[in-house]
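# Residue-level structure breakdown
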Amino acid sequence: MAMLEIRGIRKKFDTLDVLNGVDLSVERGDVVAILGPSGSGKTTLLRCINYLETADEGEMIFDNESYDLANASAQKMMELRKKTGFVFQNYNLFFNKTALQNVTIGLTVGRKIPKEEAEETGRKMLEKVGMGDRCDYYPSQLSGGQQQRVAIARALASNPEIIYFDEPTSALDPELIGEVLAVMRQLAKEGRTMIVVTHEMSFARDVSNKVIFMENGVIVEQGSSAEFFEHPKKERTREFLRMEDNRTGE
Amino acid sequence: MNQQVWDILVDSFMKILIPGFTMTIPLTVISFALALIIAVITAMIQYADIPVLKQIARFYIWIIRGTPVLVQLYVVFFGLPSIGIMIDAFPSAVMVFALNEGAYCAETMRSALESVPAGQMEAGLCSGLSWFQTMWHIILPQAFRTAFPPLSNSLIGLVKETSLASNITVTEMFMVTQRIAGRTYKAFWLYLEVALIYLIFSTVLTWLQRRGEDRLNSYGVRR
Ligand SMILES: Nc1ncnc2c1ncn2[C@@H]1O[C@H](COP(=O)(O)OP(=O)(O)OP(=O)(O)O)[C@@H](O)[C@H]1O
Ligand SMILES: [Mg+2]
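Residues numbered from 1 in each chain as written. Chains lettered and ligands numbered in written order. Predicted model: local features only at pLDDT ≥ 70, side-chain atom pairs only at ≥ 80, totals over all residues. Heavy atoms only, no water.

Size it by volume and the largest pocket reaches roughly 370 Å³. In terms of lining, the largest pocket is formed by 17 residues, of which the most central are Met77 and Arg81 of chain A together with Met121, Leu125 and Trp131 of chain B. Breaking the lining of the largest pocket down by element, the ones donating at least two residues are α2 (74-81) of chain A together with α5 (118-126) of chain B. Residues belonging to the lining of the largest pocket are distributed by class as follows: 13 nonpolar, two polar and two charged. Put simply, the second largest pocket is a space of about 230 Å³. Contributing to the lining of the second largest pocket are 13 residues, with Leu140, Pro141, Gln142, Phe144 and Arg145 of chain B lying nearest its centre. The element contributing the most residues to the lining of the second largest pocket is helix α6 (residues 131-161) of chain B, with seven residues. (1 Å grid on protein atoms, 1.4 Å probe; cavity = no way out; pocket = protein on both sides within 12 Å on 5 of 7 lines; lining within 4 Å. Points joined across faces, edges and corners; volume = space filled by probe spheres on them. Helix = DSSP H or I, 4+ residues; strand = E, 2+ residues; numbered from the N terminus. Nonpolar A, V, L, I, M, F, W, Y, C, P; charged D, E, K, R; others polar.)

Printed below as a string of structure tokens:
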């Protein structure tokens, strides 16, 4: 039984159809890369499955629990979010909290874990992303890459079943991308279940085991990462991969 | 200014300053504390876009901002007794100033809340915090920092505004000055003297405001 099963998500913004019936299945330990041109609905998909956006239709089974993506109580949303982590494109660290507080607040306030225990976990997580020496820094005192690593530590702190990443490196200067990808590669190696929206073809190729290619709110093609890159079935997929190769080749 | 005027001024200085400490300052502090509570609640209702309550909040702000404080003081202290509601002078003044400042500060707080990027709330929710927990620990502290200078200005404005309470028999500094002036016929010098005391109060507050801003800016500045 899949750990995460999404069926028939539809989402409209006013008259614009952004998601037109997306189905997706994720097994424990999967690293799923979602590729697709700008505006294809990748961010909206991730936001819908964590209730940051309410879908018009759609159902999700997560951890043997069923969720109506079009309609849920605040209680139910909280319950789901406590089992997931989310890493944003622009980090969204809490400006008024230090790196350590950013990581621990979801534990102390959200989950009522004692402060000492939360701080121990927090330090361990920051250590893990290579930010152990920056515990008391505020976000404004950190570089983009460092902020994103703290954000990953924050998402990891509650040991979630799955972590969603929305283009975690695309707001970063090229020389800072590597340090964030290295952390994510490490997480994949440890068997973390992740869904990663990305433009980093090397990450999709080398780290993820499943790839999904989206366009116009539908999944055009999906498959194992090897299959997807070596033998893409659809002409549209081949065209997209050629374009990405050119882009990164330059 | 002759010796006689000087003696009156020296003699009256403490007589004016004491009600400053026993009336003007408590009136200001209590009213402003209540105003802040009203402001935060009213601003949060609007930020969260709660139906009905939001309309009530808008209505309250509309009424208060559209009418003079002096008239509000008269309505509460001289008006309400005629329909059977008696409130003493001091609590009447507290009520009016709290509701009045509350409405203005609510607007300050609302725009400060809206200036906090939406991603902060989303990150809070995704970290397993509830809406209210995120509001309390993340959004409000950031909004408060933005709102601190305009809120301080409101506080300084309120110190001066409390002189209007003399109209409803609150024996604060200005009322006491009026009495001494009536007795001694040295109105010009005495009103200058009370003006000077208000100026001292405002200056101290301005200095505290600057210290407060420095403290708030000394860490975690948003990029
Ligand atoms: N809140 C919103 N209101 C209206 N339209 C929106 C909203 N959010 C997204 N859209 C629209 O929905 C479409 C899909 O957006 P989405 O952000 O999901 O795309 P994406 O695949 O993540 O693109 P990118 O690669 O540029 O991040 C776009 O056309 C976008 O303009
Ligand atoms: Mg996107």
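Further notes follow.
Contact with chain A, which involves 27 residues of that partner, is made by 22 residues of chain B. A buried area of about 2100 Å², summed over both sides, lies between chain A and chain B, and 60% of it is on carbon and sulfur atoms. Taken as a group, Phe94, Phe95 and Asn96 of chain A account for 29% of the area that chain A buries against chain B, more than any other trio of residues on that side. Counting every contact that joins chain A to chain B gives one salt bridge. Notably, a salt bridge pairs Glu122 of chain B with Arg47 of chain A, separated by 2.8 Å at the nearest N-O pair. Counting every contact that joins chain A to chain B gives eight residue pairs in polar contact (both at pLDDT 80 or more). Counting only elements with at least two residues in the side of chain A that touches chain B, the list comes to α2, β6 (84-87), α3 (99-111) and α5 (144-156) of chain A. Top element by residues in the side of chain A that touches chain B is α3 of chain A. It accounts for five residues. Looking at the side of chain A that touches chain B residue by residue, the class counts come to 11 nonpolar, nine polar and seven charged. (Contact = heavy atoms within 4.5 Å. Buried area = accessible area lost by both parts, 1.4 Å probe. Salt bridge = Lys/Arg side-chain N within 4 Å of Asp/Glu carboxyl O. Polar contact = N/O pair within 3.5 Å; in protein donor to acceptor, adjacent residues only side chain to side chain.)

Let us now look at helix α7 (residues 173-184) of chain B. All names here are of chain B. In this model, α7 (12 residues) spans 16 Å end to end at C-alpha, consistent with the 16 Å of a helix rising 1.5 Å per residue. When we look at burial in α7, the residues that qualify are Met173, Met175, Val176, Thr177, Ile180 and Ala181. Looking at the buried side of α7, the elements it contacts are α1 (3-48) and α8 (187-217). The N-cap residue of α7 is Glu172: its side-chain oxygen and the backbone nitrogen of Phe174 are 3.1 Å apart. Immediately beyond the C-terminal end of α7, within one or two residues, lies Tyr185, with a positive phi of roughly 60°. (Expected span 1.5 Å × (residues − 1). Buried < 20%, exposed > 50% of the residue type's maximum accessible area, 1.4 Å probe, protein only.)

Another aspect to go through is the site of ligand 1. Residue and element names in this part refer to chain A. Around ligand 1, a shell composed of 13 residues is seen, among which Ser38, Gly39, Lys42, Thr43 and Thr44 lie nearest. The side chain of Ser38 places a nitrogen or oxygen atom 2.5 Å from an oxygen atom of ligand 1. For ligand 1, whose accessible area on its own is 640 Å², the fraction buried by protein is 61%. Of all the secondary-structure elements, those providing two or more residues to the shell around ligand 1 are β2 (16-26) and α1 (42-48). Looking at the shell around ligand 1 element by element, the count peaks at three residues for α1. The class makeup of the residues in the shell around ligand 1 is four nonpolar, seven polar and two charged. (Near = heavy atom within 4 Å. Areas by Shrake-Rupley, 256 points an atom, 1.4 Å probe, with all protein chains shown as cover.)

All right, on to α5 of chain B then. For α5 of chain B, the buried fraction is high: eight of the nine residues fall into the buried class. Along α5 of chain B, the positions that sit buried rather than exposed are Gly119, Gln120, Met121, Glu122, Ala123, Gly124, Leu125 and Cys126 of chain B. Taken together, the buried residues of α5 of chain B touch α1, α2, β6 and α5 of chain A together with α1 and α6 of chain B. Positive backbone phi, at 90°, marks Gly128 of chain B, one or two positions downstream of α5 of chain B.

On to empty space enclosed by the protein. Counting across every chain of the model gives one cavity of 30 Å³ or more. Size it by volume and the largest cavity reaches roughly 100 Å³. Lining of the largest cavity is provided by 15 residues; of these, Arg154, Ala155 and Ser158 of chain A together with Cys126 and Ser127 of chain B occupy positions nearest its centre.

This brings us to the pattern of salt bridges. Residues and elements named next belong to chain A. For the coordinates displayed, the defined rule picks out 24 salt bridges over all chains. Here Asp63 ties to Arg28 by a salt bridge, and the two come within 3.9 Å at their closest N and O atoms. With Asp63 in the loop between β4 (57-62) and β5 (65-68) and Arg28 in the loop between β2 and β3 (31-35), this pair connects stretches of sequence that are 35 residues apart. Judged by its relative accessible area of 54%, Arg28 is exposed.

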